[in-house]
Amino acid sequence: MNDAAEVAVVSGSDAQPIVQLERIWKSFGRLEVLTDVSLSVQKGEVVCIIGPSGAGKSTMLRCINHLENIDDGTIHFEGKPVYRYKQNGRVVVDPDSRIEAIRAQIGMVFQSFNLFPHLTVLGNVIEAPVHVLREPIAKARERAMVVLGKVGLVEKAQAYPHQLSGGQQQRVAIARALAMNPKVMLFDEATSALDPELVGEVLRVMRQLAREGMTMVVVTHEMDFARDVADRVVFMADGAIVEQGPPEVLFTAPRSPRTRQFLHSILNRNGGPEEPSPVP
Amino acid sequence: MFSLDDMIQFLPSLLHGALLTIAVSLLAFALAMVCGLLTGIARISRLWPLRAVSAVYIQFIRGTPLLLQLFFIYYVLPYGGIVLSPFVSGVLGLALNYTAYMAEVFRSGIQAIPKGQWEAGASVGMSRRLMLRRIILPQAVRIIVPSIGNFFVSIFKDSALVSVITMRDLMFSGQLLASATYKHFEIFAMVAAIYFLISYPTAKFVEWIEARIDVTRRPVVIGMRG
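Criteria and thresholds
- Residues numbered from 1 in each chain as written.
- Chains lettered and ligands numbered in written order.
- Predicted model: local features only at pLDDT ≥ 70, side-chain atom pairs only at ≥ 80, totals over all residues.
- Heavy atoms only, no water.
- pLDDT = per-residue confidence, 0-100.
- Contact = heavy atoms within 4.5 Å.
- Disulfide = S-S within 2.5 Å.
- Pairing = 2+ DSSP bridges.
- Helix = DSSP H or I, 4+ residues; strand = E, 2+ residues; numbered from the N terminus.
- Axes fitted to C-alpha atoms, helices over the stretch in contact; angles between N-to-C directions.
- Salt bridge = Lys/Arg side-chain N within 4 Å of Asp/Glu carboxyl O.
- Buried < 20%, exposed > 50% of the residue type's maximum accessible area, 1.4 Å probe, protein only.

Attention now moves to the confidence of the model for chain A. Overall, the predicted model of chain A reaches an average pLDDT of 91, with 91% of residues at or above 70. Low pLDDT, under 50, characterises residues 1–13 of chain A; the predicted model gives this stretch 12 contacts beyond four residues in sequence or across chains.

For the coordinates displayed, the defined rule picks out zero disulfides over all chains. Between Cys48(A), a free cysteine, and Cys63(A), which holds the nearest cysteine sulfur, the sulfur-to-sulfur gap is 19 Å.

In this section: the pairing of strand S6 (residues 84–87) of chain A. Residues and elements named next belong to chain A. Where S6 lies against strand S7 (residues 90–93), four bridges are found, and the strand directions are antiparallel. The residue bridging arginine 84 from the neighbouring strand is valine 93, located in S7. Taken together, S6 and the strand that follows it, S7, pair antiparallel across an intervening segment of two residues, in which asparagine 88 is found at a positive phi of about 50°.

This part is about the sheet that holds strand S8 (residues 106–109) of chain A. Each strand in a sheet pairs with another by means of backbone hydrogen bonds, the pair being arranged parallel or else antiparallel. Residue and element names in this part refer to chain A. Spatial strand order, S8-S9-S10-S3-S11-S12: six strands in an open sheet with mixed pairing. Unpaired on one side and paired on the other, S8 and strand S12 (240–245) mark the two borders of the sheet. Between one strand axis and the next, the sheet turns by 20° as a mean value, whatever way the strands run. Where strand S3 (residues 46–50) and strand S10 (residues 216–219) come together, four bridges link them in parallel fashion. Opposite cysteine 48, over in S10, you have valine 218 as the bridge partner.

A few words now on the pattern of salt bridges. Residues and elements named next belong to chain A. For the structure on display, the rule yields 21 salt bridges over all chains. Close ionic contact of arginine 232 with glutamate 45 constitutes a salt bridge, the shortest N to O distance being 2.9 Å. Of this pair, arginine 232 sits in strand S11 (residues 232–237) while glutamate 45 sits in the loop between strand S2 (31–41) and S3, and the two are 187 residues apart along the sequence. On the basis of relative accessibility, which here comes to 15%, the residue arginine 232 falls in the buried class. Residue glutamate 45 is classed as buried on the basis of its relative accessible area, which comes to 7%.

This is the structure:
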């Protein structure tokens, strides 16, 4: 994790991206959700994706671990094309086993937590290490307690999800993803379903992860988080990336009028940039 | 009308029939559970031939009378060289029939689990089969058990139909005795009492199972995806 932080510093160079989306197209029926979207994420980088609802942010994120099928384009993971791609003019579809192996290296945190309700917190965290990575239970437990420590929930190991607050559930979901030792973490509006007073505890965990050098792609409406934590902010609207850049540039001197309009509407509603952004 | 002598005289034959009724029902039910689960999973398979075959099977079985299905197995299959004993025919017929209904219960139970559970499993690299076994079915069981319990109670009574293919279950034993002795009331009253004595504890057993299932661990759906 330490050298990951160092790589983050040099990520401006042309090191191989860990995740790369190349000219992605995606539609749901007649609705075009992603139109020719390209994005690359370097190791150790924190990329925040902002934009109005319906912009395609979540869909793009979900394409990265193949929860959504893309219609056209190529997704690269660690430099290799994955899931479904053209090779020598022919369409190649990866076998399930390869897709699963790649997903196992990509952590995901959902808006609605999606914890396994029939398993304890510990059960949720060790489930995939034991059954996907085939780790011995003792080892998986040990590691689970470490990641539960990271999210501050060691004492809840034996609790069931329904006994926890939303913020605690989301931290368990983060621990569940971390237990797989992922190379990238995807956050899909991880705080949008939370009561306002519970947002902070989840963001704190995410900030800590970023500090430790975790590669993160974060779809969020939390502008303060994006401003403070992101190495790069990506603004999406209408299925396309309108503009991207370091937060200090994008938030203070956006080039596109569309970006300006969005930031204006968000910051105005909050009564100024100093206020924390509420959940929309 | 009832005389102790009659009862003592009829009881052994009826009890023997009852044993057969219980055996046919339990065997058919166990078979139907397994086949129903497999057929239910086939209904939502990603392979369309599996979906098609299971859908046709379910519609066909549900669209024809159990009585006719039993006749087919017992009287028609022999023309194709397949001769089955009344017992095997009865078990098979009941099982094939219940499979179709149970498959629908399993399918709807599986589909009642929120999509987010599949996605969460997928996101940590689980295969569909692993998700089904470790994540989806354990939750679906809580939803399915009451319906399966209903089937369990009713299979003992539905099994009376196997009497038409000359299996000497409780029903058929009663009929034989009644037509031999003309004591219809006494005999059928006893038959009814025995069916009830089988069904009532079964229903209680199902209630007990249901009560043991912790409904508080059902998935809680929070928010919608934006």
